[in-house]
Amino acid sequence: MNELESNDFSILGSAMRYYFRYFTLLLSLMLTPLVSATQVLKVLAWDGYADADLIQEFEQRHQTKVVLTLVYSDDELWSKVTEATNGGYDLIAVNTAELQRYIQKGLVRAINTEKIANLSLQLPRFQRREAIPGLIKNEQTFAIPYTYSEMGLIYNRKLIERPPESINTLWDSAYAGKVLAFNTSNHNFTLAALGLGMENPFNQSPEQLQQSARRLVELRRNILTVYTSPQEAVKLFKTHEIALIYANYGSQQLKALLDAGADVGYAMPKDGTLAWLDCWAIGEHAGPLAEQWINFMLEEKASRRLTNAQGLANTTQESATHNAEKIIWLAPIENADARVSLWEQIISGDVMERF
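Now for a look at the structure at hand. As the structure is a computational prediction, the values presented were derived from the model and not from experiment.

## Notes on the pairing of strand β8 (residues 153-156)
Here is step 1 of the chain: Alternating residues of β8 divide into L153 and Y155 and I154 and N156, and every residue in both groups is buried.
Here is step 2 of the chain: Where β8 meets strand β11 (residues 244-246), three bridges bridge the pair, whose relative direction is antiparallel. Residue pairing in the sheet places L153 in a bridge with Y246 of β11.

## Topic: the pairing of strand β3 (residues 91-95)
Here is step 1 of the chain: Burial within β3 is extensive, with five of its five residues counted as buried.
Here is step 2 of the chain: In β3, alternate side chains face the same way, and those of L91, A93 and N95 on one face and I92 and V94 on the other are all buried.
Here is step 3 of the chain: Relative to β3, strand β1 (residues 40-46) runs parallel, the two sharing two bridges. Note that in β3 the partner of L44 across the bridge is I92.
Here is step 4 of the chain: By the bridge criterion, five bridges tie β3 to strand β13 (residues 273-283) in an arrangement that is antiparallel. Each residue of the ladder has a partner; that of N95, found in β13, is D278.

## Details of the packing of helix α9 (residues 251-259) against helix α11 (residues 300-310)
Here is step 1 of the chain: As a packed pair, α9 and α11 sit with axes 9 Å apart at the nearest point and diverge in direction by 45 degrees. On the basis of their axis angle, the class for α9 and α11 is oblique. In this structure, α9 contributes S251, Q252 and K255 to the contact, and α11 contributes N308, A309 and Q310.
Here is step 2 of the chain: Per-class residue counts for the contact of α9 with α11 are one nonpolar, four polar and one charged.

What counts as what
Residues numbered from 1 in each chain as written. Predicted model: local features only at pLDDT ≥ 70, side-chain atom pairs only at ≥ 80, totals over all residues. Heavy atoms only, no water. Buried < 20%, exposed > 50% of the residue type's maximum accessible area, 1.4 Å probe, protein only. Helix = DSSP H or I, 4+ residues; strand = E, 2+ residues; numbered from the N terminus. Pairing = 2+ DSSP bridges. Axes fitted to C-alpha atoms, helices over the stretch in contact; angles between N-to-C directions. Parallel < 35°, antiparallel > 145°, perpendicular 65-115°, else oblique. Contact = heavy atoms within 4.5 Å. Nonpolar A, V, L, I, M, F, W, Y, C, P; charged D, E, K, R; others polar.

Take a look at the structure:
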């Protein structure tokens, strides 16, 4: 073999090694799962709705990454969704009353119910979505029920012998500095209206809102502070003399206190007990993986976790309910922005004359 032929083979060998490395790299890339925008699932929910082990199981099953963000009030939920960037959130845990403004603003999309086989596991009353106000618009489903609770009064048995019978007990001067209120605008104005005997506490005129605002200013003398989560309320109860707590989280909050050894009771005011139904809604830009999340959360493991660990009802099995004479399901309110503005004035310490 002459020198020229030797060089030819050397060049050929180098070329073959180059192409071999190239095709090996290409094959490796082809076999590596691609991470796309739809494979990163961004979930906005309340504490206890999606535990870490459930998230891990979903991630492994669908080869995806779940980013969970927790919220502690409807006001915070709205703020996070409306201010979100990079496509926003894929899943939103929202109650049926709040859902309406998300639909109106185009922040959520219709749900492909055919992709959620576990809807068949829900109790019949939750499968009849057309009978639940707010879930259906233009014959399309915009939310799937997930959990619900009454919002009663938790009372300290050491300070209050008999269960409170009225929402107005929160204003009783005997409990000055011994009340925990929830830090939210929407429900607090509704509560004030209930106590004042307004016919429609969800749809107040400007004059009625001012009246409710003055009533909430009166409540300040009884409020030790406002809380944002069940855990925060437990800590405050253990470190202060608390007589009454307005239970925004309902039975979940009651269980947290009982688990902490608190001697408390749970009362359903006869003048009306508010109740919420939280649902999974899908963000406007979310892909089909969002339906798979809802399907997963309706499985027996996730549903029972809500009840056994959180004390909340789920939509797949009958749960014990508290004896409430008058349940009032949350409904859309007249002006969310007005309530937020007034509530901020109230908690900032504005005097009665400002309302």
